[in-house]
Amino acid sequence: LRNLEKSIQKKREQGLNYIELLANYENYFQLPLASNGDDLNHFWVFGLVLKHDNIRNTLAEKLYSQGIETRPFFYPLHMQPVLNKNYKPSYNLPITENLGRNGIYLPLGKHITPSVQKKIVHKLISTYTDLCN
């Protein structure tokens, strides 16, 4: 807990750096908000939503083969197989399902320097554009 504020500040710096590096690619990705009013994003994770549908898993595999580990967004709760049928909604949740299908987390942590982030973004963009063409 003694280092909590320092850890949060480091994650925030990393998140803001990703946003800056990806600023020209908002037609490819939905970026997270840096803030919402007075509330600051502390970037526990850095998540993107791909605007090209159903390529997230292939993108993640190709990035992994280039040494970049990513994670998918959490699987939508209403689609969990363990959820009792009595509790599953009888309607679609298209936004939630889109996030579950197209959301990806980029690496953060002490080992991710600004120069590493730049390399990650370069490989992300080139791999993404290859998959979309």
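For the structure itself, look to the data block above.
Read on for a plain summary of the structure. (Residues numbered from 1 in each chain as written. Predicted model: local features only at pLDDT ≥ 70, side-chain atom pairs only at ≥ 80, totals over all residues. Heavy atoms only, no water.)

### Observations regarding the packing of aromatic side chains
Taken as a whole, this structure holds eight aromatic pairs when the rule is applied. Ring centres of Tyr25 and Tyr28 lie 5.6 Å apart, and the angle between their planes is 40 degrees; this geometry places the pair in the tilted category. Classification of Tyr28 as partly exposed rests on a relative accessible area of 21%. Taking the centre distance of 6.2 Å and the plane angle of 65 degrees together, the rings of Phe74 and Tyr105 count as edge-to-face. One end of the pair, Phe74, is in the loop between β5 (71-72) and α3 (94-102); the other, Tyr105, is in strand β6 (residues 103-106), and 31 residues separate them in sequence. (Phe/Tyr/Trp six-rings, centres within 6.5 Å; stacked < 30°, edge-to-face > 60°. Buried < 20%, exposed > 50% of the residue type's maximum accessible area, 1.4 Å probe, protein only. Helix = DSSP H or I, 4+ residues; strand = E, 2+ residues; numbered from the N terminus.)

### What to know about helix α2 (residues 56-65)
Listed in full, the buried residues belonging to α2 are Arg56, Leu59 and Leu63. Down the axis of α2, the sector holding all buried residues measures 60 degrees, keeping them to one side. With respect to the buried face of α2, the exposed residues turned more than 90 degrees away are Glu61, Tyr64 and Ser65. On its buried side, α2 packs onto β4 (46-50), β5, α3, β6 and α4 (114-132). Of the residues flanking the end of α2, it is Gly67, one or two places downstream, whose phi is positive at about 90 degrees. (Arc of directions from axis to C-beta. Contact = heavy atoms within 4.5 Å.)

### So, the nonpolar core
By size, the foremost hydrophobic cluster in this structure holds 22 residues, and its most contacted members are Tyr18, Leu22, Phe29, Phe46, Leu48 and Leu124. Secondary-structure elements contributing two or more residues to this core are α1 (4-22), β4, α2, β6 and α4. Among the elements that take part in this core, α4 stands out by supplying five residues, more than any other. The residues touching Phe46, leaving out its near neighbours within four places in the chain, are Gly15, Tyr18, Ile19, Leu22, Pro32, Ile104, Tyr105, Leu106 and Leu108. (Core = buried A, V, L, I, M, F, W, Y, C linked by side-chain atoms within 4.5 Å.)

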